[in-house]
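# Descriptive analysis of the structure
Each chain, letter by letter, is given below.
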Amino acid sequence: MNFVGSHILSVSQFERDDIESVFSVADQMIPYANRERVTRVLEGAILGNMFFEPSTRTRVSFGCAWNLLGGDVRETTEIKASAIAKGESFYDTARVLSGYSDLIVMRHQIEGSVEEFASASRVPVINGGDGSNEHPSQALLDLYTIRKEMEGRGKQVDDLRIALIGDLRYGRAVHSLCKLLSLYTNIHFTLISPSELKLPEQYVANIEARGHKVVEMEDLQAGITQADILYVTRTQEERFPSQEEADRYKGLFRLNQSIYTEFCEPNTVIMHPLPRDSRGDARELDDDLNENPNLAIFRQTDNGVVIRMALFAMILDVADKVEDSAQEVPWYTEGRFRS
Amino acid sequence: MNFVGSHILSVSQFERDDIESVFSVADQMIPYANRERVTRVLEGAILGNMFFEPSTRTRVSFGCAWNLLGGDVRETTEIKASAIAKGESFYDTARVLSGYSDLIVMRHQIEGSVEEFASASRVPVINGGDGSNEHPSQALLDLYTIRKEMEGRGKQVDDLRIALIGDLRYGRAVHSLCKLLSLYTNIHFTLISPSELKLPEQYVANIEARGHKVVEMEDLQAGITQADILYVTRTQEERFPSQEEADRYKGLFRLNQSIYTEFCEPNTVIMHPLPRDSRGDARELDDDLNENPNLAIFRQTDNGVVIRMALFAMILDVADKVEDSAQEVPWYTEGRFRS
Amino acid sequence: MNFVGSHILSVSQFERDDIESVFSVADQMIPYANRERVTRVLEGAILGNMFFEPSTRTRVSFGCAWNLLGGDVRETTEIKASAIAKGESFYDTARVLSGYSDLIVMRHQIEGSVEEFASASRVPVINGGDGSNEHPSQALLDLYTIRKEMEGRGKQVDDLRIALIGDLRYGRAVHSLCKLLSLYTNIHFTLISPSELKLPEQYVANIEARGHKVVEMEDLQAGITQADILYVTRTQEERFPSQEEADRYKGLFRLNQSIYTEFCEPNTVIMHPLPRDSRGDARELDDDLNENPNLAIFRQTDNGVVIRMALFAMILDVADKVEDSAQEVPWYTEGRFRS
């Protein structure tokens, strides 16, 4: 695909080559995200960071990525005060807001809302999450993390063995990641979930149609023994019909250091789309894994910044101009490190 | 009036010459709002975008206008967390906040609050809306839009025939626009509303005292036949004593393409202060007008940006310095267009 | 202490020399806060302004201080939408957010939360207030104000006579200020409060252990007769077990101009951490003092900006680079003055 001027609404837009080109630009962004250099290539450009469903980390990550390219951010953080709540259509909202900014990131809880919004927008739109549907930059940062972790272990994405664990029914991060991984070769998926929270059939079918192997099971310990990546998820409580129903699955699968040591191959990578639920009755990923160097969850969020910088740079066609305005960072950055 | 260092609190501050000078600076801002050029004239200046009543579009429009001049924006989006909620006076709030920024835009639901605030502020204040009282930048952008639409049709504001439609009682946008139009010559006002939502007598008296013609009626179709501009409004539900009372007027006047075709002169301009209510039982302005080139509602919001840039530039006396720091825009803007 | 790369969590970190060095850098920041000059030393740096407990003035003050050094601000204004509300640990939140910004200011209502957060953060953290525990930049700006007010009267901080008035139990501003003042010589503290809201014993003991004099009383008029500074506080309603209990102390001590004239020495300085409660039944500091030139409450908030600029500049080691990028301010600033 041609990224210039395009909306990014779904991972279904991407072919393998597209992903690789995003990753290549993301690599180029690392010195800026690491504060080794500063660029001002988007100085004067405005991001409309429109979060009609609350979020802290995704919103701040997008805003930060834009700032790191030199641009300004205008944002909204909820729907309550918006014109949408007064009966305005997505069409109108899009026509208005796209007159204010150079690119819009939009999150809204209604599935398909961002696509509807984008079709009326006069500037490119990135889907920052539309309900349980799509959140393409999350899937890209997950795959980028997998690629980097595998490279660090002398492997690659092709031939990957990945175990997806937990709420595979409502977790859109998992859905999108499955789609992206399917573009690669010979992936072995182990799907570990309670039967009520299985990966929806359409995703399984898509994986198999692409020639990958899928094994489904309900037993955590059996499922994690031969994996390169464990991708653990939180129960998506807010997507369940009721809190009571969500609570039934809380804490069903718990990975901790002793289980890891006993059942996993050495250097098995642990990922999670975050936030992980650290309350006593949940703990799908125990705090005692925090010192485990294979815990890649914060490398994931760090990678989110460079992935989003890459998307911005490619959509606005400035990837090759980033270095033109590059300068040294004059402030103290020594304490800073990439985990 | 002298704009430099002044508060902008009410449209009553303006004479016709003042308005024309704002419009002239606004014209000068178009290349920057259109991303043909970037200026950094306000680099280092801080806008205090203080919205104690929620708003997305007005808040973002002001913030965007400031960013387009190169400045930074600090903002608040509600009253709940504010010191005002802890019993602080507007005097104190103003003394404190005016120590933080170079100019303040304030919205608050209490009528007269912004004026009280401004009297204690140490920096210029623009009224971003105080209840059903004033919202002067909205009136300016409306009139600016009328002028541009008329120019495009070989006409001017003088001798304008305008039909104001809907909730003329609570709609402050209508009130302020009437005041501004009254400064011009020979305007013909057709006021179309249910009798309970008529334009308050004081506004009618003011229009007539200035020598303009006013006709009031309750029939939409009869009222729109000989107009240059149809200015349609939403029922201001939030200003009504109760939702029940507001609901009685919902959907009372509905303009759509077939009515437009049957009753309006060709090229009659359609305006609306937005948001329009697109829910089934409201629809004062039907979606089937979206492809009608005379629908100027998104040109209005676009014009809001340049009007606000003009106010900022005039108050801070940088209108003639904007071009000093002007540069080419290095990012992709082709998809961008002014509707 | 060495400020470079350090967290600022508590006033207990400071020795007298440290305070003096902050004040010296703060003095250097005045021309920038006064808009006599603009600096861009932090251009490209990102502040994570993370307010998990709502606040307008402190949040805006920190954000403004960062902008005045040339940096960008990403922020959050409440806890509701945060991952913390979904069960995320402070550890995780810190690991994630510290990948986005160069420095974090954090406010959270739980005592000790900011310290826990900082221990996991990869970038320096400033405590913007953790419940009734600490808010070190407030204490620094208070002491900086005292120093400047005393200097203007030919005095100094040593030998100061200060009366602390009101809710001394829950007011963290008072607690921290007592600690800082204790680092100086021969301070005379008069503590005026209802017996139930007395300064907690540990603070009194600390003051006395440092050799200062403490007098406690419940009578406002007797307590303010021989003071250089009156530091008046609001009843910290939100810290009380119930609103009813808080209401019992509302309006118990009220300072107004006639009491000031009758009982205070000429030029006694009046301070308050703000907001003051101006509602009829509270009014711990009457509006009729607003024209009294000894009312220093807005000089306090102004001083907050330069103190926060100083902390940022020292932590990021750019204090001596601020002037390198300094320029004239091209916009109108004449109306601006420091109260």
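Above: the structure in question.
Attention in this report is confined to the structure presented alongside it. What you are looking at is a predicted structure, and each value in this text was computed from that prediction instead of being measured.

## Concerning the overall build of chain A
Of regular secondary structure, chain A possesses 11 helices and 11 strands. In summary, chain A has a C-alpha radius of gyration of 20 Å against a globular reference of 20 Å for 339 residues, a match within 12%. Each principal axis of the C-alpha atoms in chain A carries an extent, and together these give about 55 × 50 × 40 Å. Counting all 339 residues of chain A, 57% fall into the buried class. Taking as baseline every contact in chain A between residues at least 6 positions apart, the subset at least 24 positions apart corresponds to 78%.

## Some details on the relation of the copies chain C and chain B
With an RMSD of 0.0 Å, the operation that places chain C on chain B is a rotation of 120 degrees combined with a shift of 0.0 Å along the axis. Look at the turn and shift together and you get a three-fold axis relating the two. Closest to the rotation axis within chain C is the C-alpha of D72 of chain C, separated from it by 4.6 Å.

## Side note on the packing of helix α5 (residues 136-152) of chain C against helix α11 (residues 297-315) of chain C
All names here are of chain C. Remark: α5 packs on α11, axes separated minimally by 8 Å, with the N-to-C direction vectors making an angle of 120 degrees. Note that α5 runs across α11; the crossing there is right-handed. Across the interface between the two elements, S137, L140, L141, D142, Y144 and T145 of α5 pack against R299, Q300, N303, G304, I307, R308 and L311 of α11. Residue composition of the contact of α5 with α11, grouped by class: five nonpolar, five polar and three charged.

## Some thoughts on the interface of chain B and chain A
The interface is formed by 33 residues belonging to chain B together with 35 residues belonging to chain A. Where the side of chain B that touches chain A is concerned, the elements lending two or more residues are α2 (57-68) and α11 (297-315) of chain B. In terms of residue count, the dominant contributor to the side of chain B that touches chain A is α2 of chain B (six residues). Among the residues making up the side of chain B that touches chain A, the classes are represented as 13 nonpolar, 11 polar and nine charged.

## Observations regarding the nonpolar core
The biggest cluster of nonpolar side chains holds 329 residues, and the ones touching the most others in it are M309 of chain A, M309 of chain B together with M309 of chain C. If we ignore the near neighbours within four places in the chain, the residues touching M309 of chain A are M29, Y32, A33, A65, L68 and L69 of chain A.

## Thoughts on the sheet that holds strand β10 (residues 269-271) of chain C
Residues and elements named next belong to chain C. The strand order across the open sheet formed by five strands is β8-β7-β6-β9-β10, and the pairing between neighbours is parallel. Two strands in the sheet have a free side with no partner beyond their single neighbour: β8 (213-217) and β10. Each adjacent strand pair in this sheet contributes to an overall mean axis angle of 20 degrees, direction not counted. Pairing between strand β6 (residues 161-165) and strand β9 (residues 229-232): four bridges, direction parallel.

## Examining the interface of chain C and chain B
On the chain B side, the residues contacting the 33 residues of chain C number 35 residues. Taken together, the elements giving at least two residues each to the side of chain C that touches chain B come down to α2 (57-68) and α11 of chain C. Examining the composition of the side of chain C that touches chain B, we find that six residues originate from one element, α2 of chain C, more than from any other. Here the residues of the side of chain C that touches chain B are counted per class, giving 13 nonpolar, 11 polar and nine charged.

## What about helix α4 (residues 113-120) of chain B?
Along an α-helix, residues three or four apart share an orientation, since each turn contains 3.6 residues. All names here are of chain B. Taken together, the buried positions of α4 are S113, V114, F117 and A118. End-on view of α4: buried residues confined to an arc of 130 degrees, all on one side of the axis. Where α4 is buried, its residues meet α3 (90-97), β4 (103-108) and β5 (125-130).

## Remarks on the sheet that holds strand β3 (residues 72-76) of chain A
Residue and element names in this part refer to chain A. Reading across the sheet, the four strands line up as β3-β2-β4-β5 and stay open at both edges, with parallel pairing between neighbours. Looking at strand neighbours, the two that pair on one side only are β3 and β5 (125-130), the edges of this open sheet. Each strand of the sheet is rotated relative to its neighbour by a mean of 15 degrees, with strand direction disregarded. In the sheet, strand β4 (residues 103-108) pairs with β5 via four bridges, with the strands oriented parallel. Bridge pairing in β5 places M106 opposite N127. Where helix α4 (residues 113-120) meets the sheet, it contacts β4 and β5, and its direction lies at approximately 160 degrees from that of β5.

## Comments concerning the pairing of strand β6 (residues 161-165) of chain A
Residues and elements named next belong to chain A. Counting buried residues along β6, four of its five residues qualify, which places the element largely inside the surrounding structure. Of the pairings in the sheet, the one linking β6 to strand β7 (residues 188-192) comprises five bridges and is parallel in character. Pairing of A163 across the sheet is with T190, part of β7. Taken together, β6, helix α6 (residues 172-181) and β7 constitute a β-α-β crossover, and its handedness is right-handed.

Conventions we followed
Residues numbered from 1 in each chain as written. Chains lettered and ligands numbered in written order. Predicted model: local features only at pLDDT ≥ 70, side-chain atom pairs only at ≥ 80, totals over all residues. Helix = DSSP H or I, 4+ residues; strand = E, 2+ residues; numbered from the N terminus. Rg over C-alpha atoms; globule rule 2.2 N^0.38 Å. Buried ≥ 20, exposed ≤ 12 C-beta atoms within 10 Å, placed from the backbone. Contact = placed C-beta atoms within 7 Å. Least-squares fit on C-alpha atoms with pLDDT ≥ 70 in both. Axes fitted to C-alpha atoms, helices over the stretch in contact; angles between N-to-C directions. Left-handed = near helix turned anticlockwise from the far one by under 90°. Nonpolar A, V, L, I, M, F, W, Y, C, P; charged D, E, K, R; others polar. Core = buried A, V, L, I, M, F, W, Y, C linked by C-beta atoms within 7 Å. Pairing = 2+ DSSP bridges. Arc of directions from axis to C-beta. Right-handed = clockwise from strand over helix to strand, strands pointing away.

It is worth stressing that arrangement in space is one thing and function is another; only the former is reported here.
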